[in-house]
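Close look at the chain arrangement
Listed here are the chains, written in short residue letters.
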Amino acid sequence: MVPNLTNYLFLSEIMQAKAGQFFSSGHTNNWAVLVCTSRFWFNYRHVANTLSVYRSVKRLGIPDSHIVLMLADDMACNHRNPKPATVFSHKNMELNVYGDDVEVDYRGYEVTVENFLRVLTGRLPPSTPRSKRLLSDDHSNILIYLTGTHTQMECGYNELLFIIDTCQGASMYERFYSPNLMALASSQVGEDSLSHQPDLAIGVHLMDRYTFYLLEFLEDIHPASTANMNDLFKVCPKSQCVSTPGHRTDLFLRDSGNVLITDFFGSVRKVEITMETINLTAPMVHLAVERPVSELKTESQSYVDQLPVAEIIHQKPKQRDWHPPDGFILGLWTLILLVFFKTYGAKHLKHIF
Amino acid sequence: MAAPLTLLLIVAVTIRAVLFRSSLAELIPERVEVVSPLNAWKRVVEGLALLDLGVSPYAGDVFHETPLIIYFFHFVIDYAEIVFMVMTRLVGCVFLLQFRKQKYALEAERYPLDCLELIRTPKEMYYIPLKVAMFYLLNPFTILSCVAKSTCGLNNAVIALFILCTVKGSSLMSAIFLALATYQSIYPLTLFAPALLYLLQRLYIPVNWQRSSFWLFTTQYTFMYLGSLCVMVCLSFFLLSSWDFLSSVYGFILSVPDLTPNIGLFWYFFAEMFEHFRLFFICVFQINVFFYTIPLSIKLKEHPIFLIFMQIAIISIFKSYPTVGDIALYMAFLPAWNHLYRFLRNIFLVSVVLLACSALFPVLWHLWIYAGSANSNFYYAITLLFNVAQILLVSDYFYAYLRREHHLTHGLYLKRKDGSEATLVLK
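Every value quoted in this text rests on a predicted model; they were computed, and no experiment measured them.

Residues and elements named next belong to chain A. Spatial strand order, β3-β2-β1-β4-β5-β6-β7: seven strands in an open sheet with mixed pairing. Taken across any chain shown, the strands that pair with only one partner, and hence form the sheet edges, are β3 (106-107) and β7 (246-248). As defined by bridge partners, strand β1 (residues 29-36) adjoins strand β4 (residues 140-147) across eight bridges and the pair is classed as parallel. Looking at β4, one finds that V35 is bridged to L146. Across the sheet, helix α5 (residues 209-219) is in contact with β4, β5 (159-165) and β6 (181-185); its angle to β5 comes to roughly 130 degrees.

Quick look at the structure:
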C-alpha cells in the first residue's frame, strides 16, 4: 500500500507541475492572422506559403473561426494553373495545401494595408461579418504571418508573434514598440528573401525558402509537443536560407526558451480528464477565466428589434418635403411671360388687363 | 396632312404605351446604350429623393442634371411616362412644322435645264415633313430612349424647338432655345454658327466681314444668346442657392470622370490611360467636337440647315456620353435629303453595319459582363464600328450634298472640252 501511495503522490505532483505549466503562459485562446499581399501568377509561392502556414496552424488546433486568412490573389482557380483547385507547396505535387476546407476571409482587392490595419485594430465597419474580424481579447495569443512583396498594435492581445517572410523583413519588426511581442523575419535589412523550388509543370516557384524550412520544422510539431521558441529561431540558418533570418525578443516578457511553439501555432484546446483532485493552492497568476459573453450577440438582438417588419411594410410614401424657393418660381415665370409677350406682340396683353 | 399625322401619333403612342406596360420597361432603363450617367432616369429619381431628404442632389456622383430639370421633374415625377411620350410627340410635330417651311422655292429657275431631275418637285416635298416625323417617332432608338425615360428626349425636344424657331426666323426664340440646349449639355454651342448663318440668310444679309449689318446682327444674336444663358445659369443658382451644379454638370461633361461603357469613344481610352496624360487627351477629345464647326461653316455657309444636320451628327458621335437618343435626332433628318439618294455611295454598307452593331451591342455586353467569355475589347470594337458607320453615313451625305450642288451649277451630265463624258473625282 505504501509504495502505491508514494506513486500516487508522485503522480499528483507531476499533475500539479503539468497543471502549473498549463496555466503558465496565461493565454486562453489563440488567433492567427495570415496575410499574403502579393498578386499575379508569378507570386504563386507567397500564396503557397500562407496556405501552408494556415494548414499547419489548423492542424495544430486553431479553428477557422479564429483564423483571419487574407490572400490577395486566387491561385487555385487562376486560368494559368495547370491543376485547377490546387495549390502545391512541394514540387512533384506532393502536398496540396488548398484542399477542400480552406476558408479565405479577405480575398483579392480586399487585401490592403488599410484592411490589414483595420483587422488588427478592430476598427471595422459595423457591417463586417465575424469571420472577417479579429475578435481577440486580453488573453489571446496572436500569430501574425506576413508574406508577399513589400508593409503599434492596438488590438487586445496577450502575446503576439510576428513572422515576416518578405525581403528586408527585419525592417518591419525594428519599428515595433508594443509590449509582449516577438518577431521573426526571414531576412535582414538590405537582404532579399529568396524563393525555393521552381516546379516545371506549374511553371512558377512554389515556396519561399524561409517558409519552406519553417514548415519542415512545423511538420514535426504535434499538439502536445514541447518544442520552444529557441528551436524556431534556429530554423533556416544562413547556409540554407541565403538570407539571414532575424528575430526580436526584447519586447517579450517571458524568456523565449519557456515559450512553447504550440502557444502560438496551436490552440489551447487541450483537455486533460483526470479523476484526481488537484490542489490549486499553489499561487496562480492567471485563473482560468470564463470566456466573456460575446457582446456582439446582444447587439444583434437589439438591431433586429429596432426594425419590426410590420412597420416597414406599412410605411406610407414620404410626402415631398422640398419645394423650390419662391423667388425662383417668380423669376422663372416672369421671364417666360416676358419672352412670350415679346414674341407674340403686346396685343395679347390686352386680354389680361 | 392632319390625318396621317394623327395616325402616326396614335401608332407611336401605342407602341410606347405597350412597351411601358411590358416587362421590358425594367430592362431597358438599365441598358448602357440607352442611358448614360448624364440622362438616366434612375439618377433623376435619386436626385429628387436626396432633395427630399435635405441633401443637395449634387453631393456625390449621382445626379448630373441641371437645376431646371430638377424644377421640371419635381412636379411631374409621378407622371413621368406621360411626360416623355408627350415630349417625343412634340418633337415629331415640331419636325413636321419646320420642314413645311423648307425653302424649295428658291431653287427653282437658276439652274441648267438638264438638272430638272435634281430639283425636287413640290409633290415629293409634300410628304417630307410626315416622313421626318415618322422617322423620328417610329425609330427604334427613339422608342427605346422614351421607354427608358432618359432625359435625352428632353434635350432632343429643346434642340428641335430651336431648329423650328430658327427656321421660322424668330431670332429671340432661337437664341433662347439654343441657350437652353447649351445649358442642358454644352455641345449645342456648335449650333450657334448654323443658326446665325440661317438667320442672316433669311434677312438677306450677306456674310461679308466688312458689312456693318452683318456685325450688327451677329452682335445682337450673340448678346441674346449669351444673355439668356447667363439668365438661366443665375436662375439655377437661385434654385438651390449654390454653385455646385456647375462642377456637377459641366465639369462632369467636360472632364469625363465616369467611365461606364457606352456607345461613345471616351470610356475605353480613358480607362486605359495613365493619369499623366489624362488632361491632354481630355482636351484633345473635347476639342474634336468643336473643331469641325469652322471648316464646315465655311464650306456650307449657303446651306445652314444641312450644316445643322452635320453638327448634330458630329455632336452625337463625338460627345462624351452619347446614347441612342442622340443618334435618333439626326437620323430623323435623313428623309429631308432623300433627293441625294442617287449620289450616296455607301448606303448598303452603312445600313448593314448599323443594324449589325445595334444587334451586337446587347450580345457582347452579355458575353462580357455576364458570361465572362468576352472582355471590354469586344464591346469597344463594336462601339468603334458603330461610330465609324455613323461617320461614314454623315460624310456620305456631305459628299452627296456637295456633289449635287456641283451638278446644279455645272450641269448634270458633265462633258469635257472635247465633248466626251467626264468623270467626277473627289480629291
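Moving on, we get to the interface of chain B and chain A. Taken together, the contacts link 20 residues of chain B with 16 residues of chain A. Summed over both partners, the interface of chain B with chain A buries about 1600 Å², with 75% contributed by carbon and sulfur atoms. Contact with chain A buries area across many residues of chain B, yet D52, Y71 and H74 of chain B alone supply 36% of it, more than any other trio. At the junction of chain B with chain A, the criterion picks out zero salt bridges. Linking chain B to chain A there are one residue pair in polar contact (both at pLDDT 80 or more). Sorting the residues of the side of chain B that touches chain A by element identifies α3 (41-52), α4 (67-76), α10 (171-184) and α12 (212-240) of chain B as the ones contributing at least two each. Along the lines of polarity and charge, the residues of the side of chain B that touches chain A split into 15 nonpolar, three polar and two charged.

Moving on, we come to the UniProt feature "transmembrane region" (unreviewed entry) in chain A. The positions UniProt marks with the feature "transmembrane region" (unreviewed entry) are residues 327-345 of chain A. Note that residues 327-345 of chain A is 95% helix and 0% strand, and that its end C-alpha atoms are spaced 26 Å apart.

Our next topic: the nonpolar core. Ranked by size, the top nonpolar core spans 153 residues in total, and within it Y221 and W337 of chain B carry the most contacts. Of all the elements, helix α17 (residues 304-318) of chain B adds the most residues to this core, at twelve residues. Setting aside anything within four residues of it in sequence, one finds W337 of chain B in contact with I305, F306, F309, Y397 and Y401 of chain B. Core analysis: the next-biggest nonpolar cluster, separate from the first, contains 52 residues, V104, L161, F212 and L218 of chain A among them.

In this section: the side chain of H64 of chain B. All names here are of chain B. With respect to the helices, strands and loops of the structure, H64 is situated in the loop between α3 and α4. Accessibility expressed as a relative area gives 4% for H64, which makes it buried. A distance of 3.0 Å separates polar atoms of two side chains, one belonging to H64 and the other to D61. Here S248 takes part through its backbone oxygen, which lies 2.9 Å from a polar atom of the side chain of H64. Not counting chain neighbours up to four residues away, the residues in contact with H64 comprise P37, L38, R43, S248, V249 and F252.

Definitions and cut-offs
Residues numbered from 1 in each chain as written. Chains lettered and ligands numbered in written order. Predicted model: local features only at pLDDT ≥ 70, side-chain atom pairs only at ≥ 80, totals over all residues. Heavy atoms only, no water. Pairing = 2+ DSSP bridges. Helix = DSSP H or I, 4+ residues; strand = E, 2+ residues; numbered from the N terminus. Contact = heavy atoms within 4.5 Å. Axes fitted to C-alpha atoms, helices over the stretch in contact; angles between N-to-C directions. Buried area = accessible area lost by both parts, 1.4 Å probe. Salt bridge = Lys/Arg side-chain N within 4 Å of Asp/Glu carboxyl O. Polar contact = N/O pair within 3.5 Å; in protein donor to acceptor, adjacent residues only side chain to side chain. Nonpolar A, V, L, I, M, F, W, Y, C, P; charged D, E, K, R; others polar. UniProt positions renumbered as here; feature names shortened; annotations may be inferred. Core = buried A, V, L, I, M, F, W, Y, C linked by side-chain atoms within 4.5 Å. Buried < 20%, exposed > 50% of the residue type's maximum accessible area, 1.4 Å probe, protein only.

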